[in-house]
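Chain by chain, the residues:
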Amino acid sequence: MGIVGEQLDIDFVISVGDNFYEDGLKGDNDTSFEASFSHIYTHPSLQKQWYSVLGNHDYRGNVEAQLSQVLTQKDWRWFCRRSFVLSSGMVEFFFVDTNPFVEKYFTDPKDHTYDWSNVLPRNKYISNLLHDLELEIKKSRATWKFVVGHHGIKTAGHHGATQELIDQLLPILEENKVDLYINGHDHCLQHIGSDG
């Protein structure tokens with residue numbers, strides 16, 4: 001990763017969630033932060049700002065810990081929010097928290113416990129997120145509009161399509177002519193196109 005970062009002369013790094021396995025961070029003093037971030041991404045080319053969204057594994061820990069300024073004080077590169085906008089010249093990135101969309105995390109969490117603090121009531125959270133996202137995309141004057149989330153909308157990976165995102169997020173992306181959706185979750189490289 002460091003070699004590629006050097007070859008491309010990157011300006012920043014985007015992390016698409018599942019930042020800390022297996023169950024996120026226990027708190028802002030969890031040594032997993034250093035072990036899985038600061039002490040791993042040490043190549044000189046990776047000493048840039050990192051912009052991160054949360055993944056489902058992150059929600060299995062203390063979400064507020066990952067959002068805490070304490071982590072930024074420990075490692076200046078770390079920046080993680082539930083949803084935010086990054087302007088970078090001709091491109092604007094819209095980071096979206098896709099975890100609350102996924103119904104099964106609420107109805108069939110199996111043996112996992114998710115940290116839904118500051119997300120409940122879920123429907124209101126999702127409604128506000130979609131409203132804010134659409135407003136930000138509509139007011140954007142960037143040539144390119146990219147949305148970043150953890151879960152795939154459509155995917156050939158083993159998790160399959162995320163119907164909740166197809167139903168609720170995709171129409172906003174299509175209506176506002178978003179150029180690219182970037183995600184993680186499936187742990188494989190895919191390029192899926194669509195008409196328009």
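Residues numbered from 1 in each chain as written. Predicted model: local features only at pLDDT ≥ 70, side-chain atom pairs only at ≥ 80, totals over all residues. Heavy atoms only, no water.

Considering the packing of aromatic side chains
Working step 1: Under the defined criterion, the tally for this structure stands at 22 aromatic pairs.
Working step 2: Summarising the aromatic geometry, the rings of Phe 20 and Trp 78 are spaced 5.6 Å apart at their centres and angled 50° between planes, so their arrangement reads as tilted. Taken together, the residues span a long stretch of sequence, with Phe 20 in the loop between strand 1 (12-15) and helix 2 (32-38) and Trp 78 in strand 3 (residues 78-80) at a distance of 58 residues. The residues Phe 20 and Trp 78 share a single accessibility class, namely buried.
Working step 3: Their ring planes at 45° and their centres at 4.5 Å tell us that Tyr 41 and Trp 50 sit as a pair that is tilted.
Working step 4: The exposure class of Tyr 41 is partly exposed, given its relative accessible area of 23%.
Working step 5: Judged by relative accessible area, which is 3%, Trp 50 ranks as buried.
Working step 6: Lying across the ring of Phe 37, Arg 77 places its NZ or CZ 4.7 Å from the centre.
Working step 7: The residue whose ring lies beneath Arg 81 is Phe 79, and the NZ or CZ to ring-centre distance is 4.4 Å. (Phe/Tyr/Trp six-rings, centres within 6.5 Å; stacked < 30°, edge-to-face > 60°. Helix = DSSP H or I, 4+ residues; strand = E, 2+ residues; numbered from the N terminus. Buried < 20%, exposed > 50% of the residue type's maximum accessible area, 1.4 Å probe, protein only. Lys NZ or Arg CZ within 6 Å of the ring centre and 35° of its normal.)

Purely geometric numbers; function is a separate question.
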